[in-house]
Amino acid sequence: MVVDTAKEPSKTITFDLQQEYVLPPPITRTFDASALAVLTMDDNTKITIPAGAIRKSGMLTVVASPNVFLPVEEDARPLGLGYDLQARDGEGKNITKFFSDVFVAIPY
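Undergrad: When you look at the overall build of the protein in this model, what are you seeing that I'm missing?
TA: Scanning the protein from N- to C-terminus turns up zero helices and seven strands. The helix and strand sequence of the protein, counted from the amino end, reads β-β-β-β-β-β-β. For the protein, the residues scored as buried account for 24% of the 108 residues in total. Within the protein, residue pairs in contact and separated by at least 24 positions form 54% of the contacts whose partners lie at least 6 positions apart. If you sum the accessible surface of the protein, you get close to 7900 Å²; carbon and sulfur atoms cover 53% of it.

Undergrad: Just checking my understanding: could you explain the sheet that holds strand E3 (residues 46-49) for this structure?
TA: Sheet strands line up and pair through hydrogen bonds in the backbone, either parallel or antiparallel. One open sheet holds the three strands; their spatial order is E2-E3-E7, and the pairing between them is antiparallel. Each of the sheet's edge strands pairs with one partner strand only, and the pair in question is strand E2 (37-40) and strand E7 (103-105). Each adjacent strand pair in this sheet contributes to an overall mean axis angle of 15°, direction not counted.

Rules behind the numbers
- Residues numbered from 1 in each chain as written.
- Predicted model: local features only at pLDDT ≥ 70, side-chain atom pairs only at ≥ 80, totals over all residues.
- Heavy atoms only, no water.
- Helix = DSSP H or I, 4+ residues; strand = E, 2+ residues; numbered from the N terminus.
- Buried < 20%, exposed > 50% of the residue type's maximum accessible area, 1.4 Å probe, protein only.
- Contact = heavy atoms within 4.5 Å.
- Areas by Shrake-Rupley, 256 points an atom, 1.4 Å probe, with all protein chains shown as cover.
- Pairing = 2+ DSSP bridges.
- Axes fitted to C-alpha atoms, helices over the stretch in contact; angles between N-to-C directions.

This is how it looks when you write it as structure tokens:
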């Protein structure tokens, strides 16, 4: 099903809640910041981190965790599952500012 939220800003959808859905487990990847990293979740979500996007050098650890509690905003109505991403440097400090974009592709 495709829902165009620009054409249908409000839509009622009935889901069969008897169907079991298992969230993919979170993944943790440690890699060199100067190299491309691609994290692939069990549901085929791909997180692509270009070389130097988070730090120019050194080791990084990225944790991707599934999140079903997505905020609804005036111009954004999430469908399905999202991901929380956390990046830490080699000393374990949280990184909150990136040098360039990180790409997340979620299959639907």
